[in-house]
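Here is how the chains run, residue by residue.
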Amino acid sequence: MVEQSYFFAVKLPFPLDCLYADPDRKAYDVLGLYYGFGRTFFNPASAKVLSRFKELREATKNYTIEATPDDRSGVLQQGGMFLFKGKQLLYAWKDEGTGDHAPMEDIFEICCKVPVV
């Protein structure tokens, strides 16, 4: 396990047996998630979060460089939300920019429809 992911998990706390570390960001590549300086800072989706500086400062007050990967270019990687049932993809969302996230009502709708087996 990558040292930074361990630090992150312990700090939250997050169960280590549920933690997946991908230091080479291969999953991001396979999923086709967006990456880059423009996406991170100049995308209209990013403007929503960057315009809320006070809230952004509060959200990052416990940030520590110890949890950041050695390859700092990772901060330019946009995320997403993918819901699977086994190997079946139920829902996919690619964040357009910083602060752009899948609508929770979409997530709840999918999760409430799919029976747990």
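Owing to the predicted nature of the structure, the values given are computational and were not obtained by experimental measurement. (Residues numbered from 1 in each chain as written. Predicted model: local features only at pLDDT ≥ 70, side-chain atom pairs only at ≥ 80, totals over all residues. Heavy atoms only, no water.)

## A few points about the pairing of strand β2 (residues 88–94)
As paired elements, strand β1 (residues 80–85) and β2 share 6 bridges and run antiparallel to each other. Paired with G80 across the two strands is K94, which belongs to β2. Hairpin geometry of β1 and β2 is characterised by an intervening segment of 2 residues between the two adjacent antiparallel strands and by a positive phi of about 65° at G86. (Pairing = 2+ DSSP bridges. Helix = DSSP H or I, 4+ residues; strand = E, 2+ residues; numbered from the N terminus.)

## Considering the packing of aromatic side chains
Tallying each qualifying case throughout the model produces 0 aromatic pairs. Positioned above the aromatic ring of Y34 is the side chain of K94, whose terminal nitrogen or guanidinium carbon lies 5.7 Å from the ring centre. (Phe/Tyr/Trp six-rings, centres within 6.5 Å; stacked < 30°, edge-to-face > 60°. Lys NZ or Arg CZ within 6 Å of the ring centre and 35° of its normal.)

## Thoughts on the confidence of the model for the protein
Put simply, the protein has an average pLDDT of 81, and 81% of its residues get 70 or more. Averaged over each element, pLDDT in the protein is lowest for helix α5 (residues 53–59) (69) and highest for β2 (93). (pLDDT = per-residue confidence, 0-100.)

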